[in-house]
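Examination of the molecular architecture
In case you want the letters, here they are:
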Amino acid sequence: GENVEQHPSTLSVQEGDSAVIKCTYSDSASNYFPWYKQELGKGPQLIIDIRSNVGEKKDQRIAVTLNKTAKHFSLHITETQPEDSAVYFCAARAGGTASKLTFGTGTRLQVTL
Amino acid sequence: GAVVSQHPSRVICKSGTSVKIECRSLDFQATTMFWYRQFPKQSLMLMATSNEGSKATYEQGVEKDKFLINHASLTLSTLTVTSAHPEDSSFYICSAAADYSYEQYFGPGTRLTVT
């Protein structure tokens, strides 16, 4: 089955700096790669996603890049703010909407003042 | 955006009792719903996938007789933890998917504590 690895497990950056989180996946059939932000005691919230026919996607301060050949994708957050502090999860899915997501192990991002 | 709710948000039950958690898609029809379990400082682990009107598909290692899933309608799925034990204490999260969207919409989660 699919295996998703995520690094780093913890990341501390100063406010205003950029943060990068990287994930690799094993199933070459994976075609959908979402990123979630989870705050303490809450469910995951989708922040950005990318499909396999696109190499990069950007939404304001957040961007995701996908390298299908290398089977890795990355989340980039620019101009970080204290409210960006949370746990971030990457995920991958092969197949349609009824197929399951496989999650990475998570990255705890701390944005310090 | 699509909204998924869960009820209750928190529940405490005694060991040996059963507890039911509801997951509802409020403004769309969910053809598929998923149930996850998350232990502290860990990732989400898929427990089962359910489609409306059919039996749930459980992940390896998840006891289907202990975690009963019912997907009775396109807007409601329930997870019943039977004969709960302290080791079942966890954060249970559901998500819902519709045919027209790539997204999976997550609920806010239910904190289960078994004493």
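Let me begin by describing the structure that accompanies this report. Please read these numbers as outputs of a predicted model, since none were measured by experiment.

1. Comments concerning the packing of aromatic side chains
- Across all of its chains, the model carries 13 aromatic pairs over all chains by this definition.
- With a centroid separation of 5.6 Å and an interplanar angle of 40°, the aromatic rings of Tyr36(A) and Phe103(A) are classed as tilted. Here Tyr36(A) is found in strand 4 (residues 30-38), whereas its partner Phe103(A) is found in strand 10 (residues 102-103), with 67 residues between them in sequence.
- When its relative accessible area of 0% is taken as the criterion, Tyr36(A) is described as buried.
- Residue Phe103(A) is classed as buried on the basis of its relative accessible area, which comes to 9%.
- Relative to Tyr36(B), the ring of Phe103(A) lies with its centre 5.7 Å away and its plane at 90°, an arrangement referred to as edge-to-face. Taken together, the residues span two chains, with Phe103(A) in strand 10 and Tyr36(B) in strand 4 (residues 32-38). By the burial criterion, Phe103(A) is buried, and Tyr36(B) matches it.
- Linked through ring pairs, Tyr36(A), Phe89(A), Phe103(A), Tyr36(B) and Phe106(B) together constitute an aromatic cluster.

2. Some remarks on the sheet that holds strand 1 (residues 4-7) of chain B
Residue and element names in this part refer to chain B.
- Reading across the sheet, the 4 strands line up as 1-3-8-7 and stay open at both edges, with antiparallel pairing between neighbours. In the strand order of this sheet, the two ends are held by strand 1 and strand 7 (67-73), each with one partner. Averaged over all pairs of adjacent strands, the angle between their axes in this sheet comes to 15°, without regard to strand direction.
- The pairing of strand 3 (residues 19-25) with strand 8 (residues 76-81) spans 6 bridges and is classified as antiparallel. The residue of strand 8 that forms the bridge with Cys 23 is Ser 77.

3. Let's talk about the pairing of strand 8 (residues 72-77) of chain A
Residues and elements named next belong to chain A.
- Bridge analysis of strand 3 (residues 19-25) against strand 8 gives 6 bridges, and the strand direction is antiparallel. Residue pairing across strands places Thr 24 opposite His 72, the latter belonging to strand 8.
- Counting the residues that bridge the hairpin from strand 7 (residues 62-67) to strand 8 gives 4 residues, and of these Lys 71 lies at a positive phi of roughly 55°.

4. Some thoughts on the nonpolar core
- Val4(B), Phe28(B), Trp35(B), Phe67(B), Leu79(B), Tyr92(B) and Leu112(B) are the most contacted members of the largest nonpolar core, which totals 26 residues.
- At the level of secondary structure, the elements contributing two or more residues to this core comprise strand 2 (10-13), strand 3, strand 4, strand 5 (45-51), strand 7, strand 8, strand 9 (90-97) and strand 11 (110-114) of chain B.
- Those residues in contact with Phe67(B) that lie beyond four places of it in its chain are Arg37(B), Met47(B), Tyr58(B), Val62(B), Leu79(B), Thr80(B), Val81(B), Asp88(B) and Tyr92(B).
- By size, the runner-up hydrophobic cluster in this structure holds 24 residues, among which are Val13(A), Cys23(A), Ile50(A) and Cys90(A).

5. Remarks on the pattern of salt bridges
Residues and elements named next belong to chain A.
- Enumeration according to the criterion identifies 7 salt bridges over all chains in this entry.
- Note that Lys 42 is salt-bridged to Glu 39, the shortest N-O span being 3.5 Å.
- Its relative accessible area of 45% is what places Lys 42 among the partly exposed residues.
- A salt bridge links Asp 84 to Arg 61, with the shortest nitrogen-to-oxygen separation between them at 2.9 Å. Taken as a pair, Asp 84 in the loop between strand 8 and strand 9 (86-94) and Arg 61 in the loop between strand 6 (56-59) and strand 7 lie far apart in primary sequence, 23 residues in all.
- A relative accessible area of 7% means that Asp 84 is categorised as buried.
- Taken together, the salt bridges that share partners define one network made up of Lys 37, Glu 39 and Lys 42.

Conventions used here
Residues numbered from 1 in each chain as written. Chains lettered and ligands numbered in written order. Predicted model: local features only at pLDDT ≥ 70, side-chain atom pairs only at ≥ 80, totals over all residues. Heavy atoms only, no water. Phe/Tyr/Trp six-rings, centres within 6.5 Å; stacked < 30°, edge-to-face > 60°. Helix = DSSP H or I, 4+ residues; strand = E, 2+ residues; numbered from the N terminus. Buried < 20%, exposed > 50% of the residue type's maximum accessible area, 1.4 Å probe, protein only. Pairing = 2+ DSSP bridges. Axes fitted to C-alpha atoms, helices over the stretch in contact; angles between N-to-C directions. Core = buried A, V, L, I, M, F, W, Y, C linked by side-chain atoms within 4.5 Å. Contact = heavy atoms within 4.5 Å. Salt bridge = Lys/Arg side-chain N within 4 Å of Asp/Glu carboxyl O.

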